[in-house]
Amino acid sequence: MTKQLPTSAQVVIVGGGVIGCSVAYHLTKLGFTDVVLLERRQLTCGTTWHAAGLVPTLRASYNMSMLANYSASLYEQLEAETGQATGFVRNGSLTIATNKERLSELKRGASMAKVAGFPCNVIAPDQAKELWPLLNIDDVLGAIHLPMDGMASPVDVTQALAKGARLGGAQIFENTKVLDMKIRDGKAAGVITERGDIDAEYVVNCAGMWAREFGRKAGVNVPLHAAEHFYVVTENMPDLQAGLPTLRDMDGYCYYKEDAGKLLVGMFEPGAKPWGMDGIPEDFFFDQLPDDFDHLEPYLEAAMHRVPILERTGLQLFFNGPEAFTPDDRYHLGEAPELRNYFVAAGFNSVGIQSAGGAGKMLAEWIKKGHAPQDLWDVDIRRNMPFQGTQRYLEERTTESLGLLYETHYPFKQFRTARGVRRSVLHEQLKAQGAVFGVESGWERANWFAEAGQHAEYEYSYGRQNWFDNNKAEHEAVRNAVGVIDQSSFSKYQVAGADAEVFLNRICSNNVSVPVGKMVYTQWLNERGGIEADVTVTRLADECYLVVSGVACQTRDMDWLRRNKPDDARLVFTDMTSAYAVVTVMGPKSRDTLSKLTRDGLSNEGFPFATSREIELNYAVVRASRITYVGELGWELYIPTEYAPSVYEAVLEAGAEFGIRPYGYHTMNSLRMEKCYRHWGHDITDVDTALEAGLGFASDFNKEGGFIGKEALLAQKAEGALKKRFVAFRFENPEPLCYHEEPIYADGRIVGRTTAGMFGHTVGATVAMGYIEHAAGVTKEWLESTEFEIEVECQRYKVTPSLRSLYDPAMEKIKC
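Scoring rules and cut-offs
- Residues numbered from 1 in each chain as written.
- Predicted model: local features only at pLDDT ≥ 70, side-chain atom pairs only at ≥ 80, totals over all residues.
- Heavy atoms only, no water.
- Helix = DSSP H or I, 4+ residues; strand = E, 2+ residues; numbered from the N terminus.
- Rg over C-alpha atoms; globule rule 2.2 N^0.38 Å.
- Buried < 20%, exposed > 50% of the residue type's maximum accessible area, 1.4 Å probe, protein only.
- Contact = heavy atoms within 4.5 Å.
- Areas by Shrake-Rupley, 256 points an atom, 1.4 Å probe, with all protein chains shown as cover.
- Phe/Tyr/Trp six-rings, centres within 6.5 Å; stacked < 30°, edge-to-face > 60°.
- Lys NZ or Arg CZ within 6 Å of the ring centre and 35° of its normal.
- Pairing = 2+ DSSP bridges.
- Axes fitted to C-alpha atoms, helices over the stretch in contact; angles between N-to-C directions.
- Expected span 1.5 Å × (residues − 1).
- Arc of directions from axis to C-beta.
- Disulfide = S-S within 2.5 Å.
- Salt bridge = Lys/Arg side-chain N within 4 Å of Asp/Glu carboxyl O.
- Core = buried A, V, L, I, M, F, W, Y, C linked by side-chain atoms within 4.5 Å.
- Parallel < 35°, antiparallel > 145°, perpendicular 65-115°, else oblique.
- Left-handed = near helix turned anticlockwise from the far one by under 90°.
- Polar contact = N/O pair within 3.5 Å; in protein donor to acceptor, adjacent residues only side chain to side chain.

### A short note on the overall build of the chain
- Each helix and strand counted, the chain has 18 helices and 39 strands in total.
- Since a compact globule built from 816 residues should have a radius of gyration of about 28 Å, the 27 Å found for the chain is in line with a globular shape.
- Looking at the chain as a whole, 62% of its 816 residues qualify as buried.
- Restricting the contact set of the chain to residue pairs at least 6 apart, pairs at least 24 apart contribute 72%.
- In the structure as shown, the chain presents an accessible area of about 30200 Å², 49% of it carried by carbon and sulfur atoms.

In structure tokens:
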């Protein structure tokens, strides 16, 4: 008999793939017993059933690697717990490099693995052949071997998770399609199914490639699109050893998995084929898509080159099945900013099996705690903008995102597809100046400027890229003369109303009870003292403030404002990002440059640091804010968009006699790192407290009414010396370049990892920043008595630590 559908539940999960079952399993582990999972047809029938079942542990970042490692550990013990086999074995993995840049990437991953505690061995080609005897190593330069990587049966893993969830009290209903959402008072309130309604406190969207469509029923943006994903399975191969490690030849866009005497060869090829542009058929159920031999032929040839025995081996199966991909190849996790109590775990970009355990655990804890249990910004659904959910954008980006999984992941690598979405009004002027654009949150931003006659495109490398000298010239112009940058992509919000001051003083750690025209640097903290945002707040009027934040934080910041607004507060939030262009003029000659365009006084006495006011500039009235993110005298000019082109032209003309030049975001980064200025999302996150980040100076512990997170910071202060602390490092050797996630050693022991790094042209060496931990406290005395190293591509380099800025620590340049 068909089981009766309940009329209410604490949590309803929509989608019965490996992700949904993992969320259900982990919720029951946290004590949730009133959990209902709804599957439109049968468990695993969408994407899970045809997954390859690979369970690698090393991902692109430390946090994601730790979650993948948890998945492997979970699958290893599920059978003992549930009695349901998972097919999990630790057969290891072998990834080869056929060029110098790929080998650099693999070595950097091996270095990061040391921070995560994974065994990861860099090996020579002949050692790779010993592990994989049928491998052609004629063009192989090296490889990495991860002996603890594994593989599993996707269907069996899902069934084991489902059984574990049932044992914990969850109910699972197959053949139950969810038709719509129930919403009440701005919160998810349940679902409407073809078998009846279910009221619920929480709804979790685990609908896989249907997640975007289902999200729209609740007004929730879940940007993902299905793509055709191919693999072939050979006939039986007598010469194929059992238990071989999974082989990846990413330069050939192929992976190889031994399976019961046969070889599965899968592809992550460039120029992928989006699928389901007109919607996913209603009857799609354990289905596969048509073959496309012409599309795959180049990669099958690459496979025969890598494993020559394939030339005389028949194919038993040619498989093509859809999988969901996101615009940035990172899955979506967390509570939707559009609707309280609506959670999403979807868009797993062909890494669903390796990610399911960790993602399910994180989402369950997020629901339980009411906040992300660790730094999950990599996959936080609040990183998305509305345009990313549009059909054309997703269809175009999907052609690139599948193949990107196996392309070399160079630093500063830019997407090629779905470009030009958001353009500053200065775009064409910057382009005419030789701008080479990158993309961030859809914004086309000038990252560097090519010289006349120089090829105005990236030439990627893990070493010095083709814009290194351009960066140097731009960097030196800002330090020694004057530079100008378009920062229109700043996220900008107006907070207005009778309660604006009281409200902002509650969510800002610093005191914003300041005179009109005063700027305040501050953080928004959570109850744990972690940093939710890093912003400047300018008082425009008695009841009106302007908040300026980073480009990637627009959705997240507005969500934080709304969720912290009291119901009776007299407040209006307005996103002003598109209203103002921002032209920033920085450098010791910035005052001289701007003084030629205005009669308003710009002297240090008349216009001190952290002051903002409207001034006449050329033909426009602009808001000039004296602040800096590069450590030099300068002003950010907030300009109504239609006036920006003429203001920009005037600034360039006025600065010509001082050697003004435009500078890009790479230069902004090299400048800010010399000053040790933090960047939210990289250097500071919601799990780093303001004290650990060295930003305690931006918290006013004495202001009336306190602030969110104050008690947590006071408790941390009372514990004495900080055991975790943000530190800057200067490399003694000028050659190595580091970027992020490199291990930091103290007297030969790993004590942390870098969050950011770049060559500092003023200090003449690479600058890195990151957190280090020391049980007795990270003190100035300990830092000075300890020998520090940072590992880059498996080689350690001596570095000098500093708790102060490496450039102008006394801020004399800024406040002159």
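### Concerning the packing of aromatic side chains
- Here the structure, examined in full by the defined rule, presents 31 aromatic pairs.
- Their ring planes at 50° and their centres at 5.2 Å tell us that tryptophan 275 and phenylalanine 284 sit as a pair that is tilted. Each member of the pair tryptophan 275 and phenylalanine 284 is classed as buried.
- Chaining the aromatic ring pairs together yields one cluster made of Trp49, Tyr231, Phe285, Phe286 and Phe319.
- Between lysine 361 and the ring centre of tyrosine 70, over which it is positioned, the NZ or CZ distance is 5.6 Å.
- One residue, arginine 445, lies across the ring of tyrosine 665, its end atom 3.7 Å from the ring centre.

### As for unusual backbone geometry
- The backbone of alanine 260 sits at a positive phi, close to 55°, despite the residue not being glycine.
- Relative to the elements of secondary structure, alanine 260 occurs in the loop between strand S14 (254-259) and strand S15 (262-267).
- Despite not being glycine, aspartate 808 has its phi angle at roughly 50°, a positive value.
- Looking at where aspartate 808 falls in the secondary structure, it is placed in the segment after strand S39 (795-802).
- Look at aspartate 808 and you get buried, because its relative accessible area is 13%.

### Here we look at the sheet that holds strand S36 (residues 749-760)
- The strand order S34-S37-S36-S35-S38-S39 describes a closed barrel built from 6 strands, whose pairing is antiparallel. Sheet twist, expressed as the average angle between the axes of neighbouring strands with direction ignored, equals 40°.
- Relative to S39, strand S34 (residues 724-731) runs antiparallel, the two sharing 4 bridges. Looking at the pairing, phenylalanine 729 lines up with proline 801 of S39.
- Helix-sheet contacts for helix H16 (residues 665-674) involve S36 and strand S37 (765-773), and the interaxial angle to S36 is about 130°.

### With respect to helix H15 (residues 644-655)
- Here H15 is 12 residues long and its end C-alpha atoms lie 16 Å apart, about the 16 Å a rise of 1.5 Å per residue gives.
- Taken as a whole, H15 has its buried residues at Ala644, Val647, Tyr648, Ala650, Val651, Ala654 and Gly655. Buried residues of H15, seen end-on, are gathered within an arc of 165° and therefore sit on one face of the element.

### Focus: the pairing of S14
- Counting buried positions along S14 gives 5 out of 6 residues, so the element sits mostly inside the fold.
- Here 3 bridges tie strand S13 (residues 246-249) to S14, and the two strands are oriented antiparallel to one another. The residue of S14 that forms the bridge with arginine 248 is tyrosine 255.
- In this structure, the hairpin formed by S13 and S14 is closed by a connection of 4 residues, where tyrosine 253 is found at a positive phi of approximately 65°.
- Note: S14 against S15, 6 bridges, orientation antiparallel. Residue pairing for S15: tyrosine 256 is matched across the bridge by valine 265.

### A word on the state of the cysteines
- Using the criterion set out here, one finds 0 disulfides in the structure.
- The thiol of cysteine 206 is not disulfide-bonded; the next cysteine sulfur, from cysteine 21, is found 9.1 Å away.

### Points about the pattern of salt bridges
- Applying the stated rule across the entire model yields 48 salt bridges.
- Among the ionic pairs, aspartate 292 bridges to lysine 273, the shortest N-O distance being 2.6 Å. In this pair, aspartate 292 is assigned in the loop between strand S16 (274-275) and helix H7 (293-306) and lysine 273 in the loop between S15 and S16, connecting sequence segments 19 residues apart.
- For aspartate 292, a relative accessible area of 18% corresponds to the buried category.
- Taking relative accessible area as the criterion, lysine 273 reaches 24% and is therefore assigned partly exposed.
- Here glutamate 657 makes a salt bridge to lysine 596, at a shortest N to O gap of 2.7 Å. Note that glutamate 657 is positioned in the loop between H15 and strand S33 (661-662) and lysine 596 in the loop between helix H14 (590-595) and strand S30 (612-617), a separation of 61 residues in sequence.
- Using a relative accessible area of 57% as the deciding quantity, one classes glutamate 657 as exposed.
- Counted as one network, the salt bridges with shared partners bring together Glu335, Arg340, Asp380, Arg382, Glu532, Arg556, Asp559, Arg563 and Asp686.

### Section: the nonpolar core
- In this structure, Ile13, Leu27, Tyr75, Val204, Leu333 and Leu376 are the most contacted members of the largest nonpolar core, which totals 49 residues.
- Residue assignment for this core shows that the elements contributing at least two residues are strand S1 (8-14), helix H1 (18-29), strand S2 (35-38), helix H2 (62-82), helix H5 (154-167), strand S11 (196-205), strand S19 (342-346) and helix H8 (352-369).
- At 8 residues, H8 tops the list of elements feeding residues into this core.
- Setting aside anything within four residues of it in sequence, one finds valine 204 in contact with Val11, Val12, Ile13, Val14, Val23, Phe343, Leu363 and Ile367.
- The next biggest cluster of nonpolar side chains, apart from the first, holds 43 residues, and it includes Ala227, Met250, Val307 and Ile309.

### What about the sheet that holds strand S20 (residues 422-423)?
- Reading across the sheet, the 3 strands line up as S20-S22-S21 and stay open at both edges, with mixed pairing between neighbours. If you trace the sheet from one side to the other, it starts and ends with S20 and strand S21 (435-440), each paired once.
- In the sheet, S20 pairs with strand S22 (residues 443-449) via 2 bridges, with the strands oriented parallel. Bridge pairing in S22 places arginine 423 opposite glutamate 444.

### Things to note about the pairing of S11
- The pairing of S1 with S11 spans 6 bridges and is parallel. Opposite valine 14, over in S11, you have asparagine 205 as the bridge partner.
- Bridge count for strand S10 (residues 187-193) against S11 is 4 bridges, and the pairing is antiparallel. Among the inter-strand pairings, glycine 190 is bridged to a residue of S11, identified as aspartate 199.
- Where S11 meets S19, 3 bridges bridge the pair, whose relative direction is parallel. When the sheet's bridge partners are listed, valine 204 is paired in S19 with phenylalanine 343.

### Considering the environment of alanine 715
- Within the fold, alanine 715 resides in helix H17 (residues 710-718).
- Along the backbone, alanine 715 and serine 401 are 314 residues apart, and their C-alpha atoms lie at a distance of 45 Å.

### Observations regarding the packing of H1 against H5
- In the contact formed by H1 and H5, the axes pass within 8 Å of each other and the chain directions differ by 30°. Classed by the angle they form, the pair H1 and H5 counts as roughly parallel. Crossing of H1 against H5: the hand is left-handed. Facing Val18, Cys21, Ser22, Ala24, Tyr25 and Thr28 of H1, the residues of H5 in contact are Val157, Thr158, Leu161, Ala162, Gly164 and Ala165.

### Describing the side chain of histidine 761
- Following the sequence through the fold, histidine 761 ends up in the loop between S36 and S37.
- Classification of histidine 761 by relative accessible area gives buried; the value is 11%.
- Discounting chain neighbours no more than four positions away, the residues touching histidine 761 are Phe468, Asn471, Lys472, His475 and Glu674.

### A few points about the environment of tyrosine 462
- As for its placement among the helices and strands, tyrosine 462 is situated in the loop between S22 and helix H11 (468-480).
- Expressed as a C-alpha distance, the spacing of tyrosine 462 and arginine 166, which sit 296 residues apart in the sequence, is 48 Å.
- Not counting chain neighbours up to four residues away, the residues in contact with tyrosine 462 comprise Glu101, Ser104, Glu105, Arg108, Thr408, His409, Tyr410, Pro411, Leu737, Tyr739 and Glu793.
- Of the polar contacts made by the side chain of tyrosine 462, one reaches the backbone oxygen of histidine 409; its length is 2.8 Å.

So, to be careful, I would describe these as geometric facts and stop short of saying anything about function.
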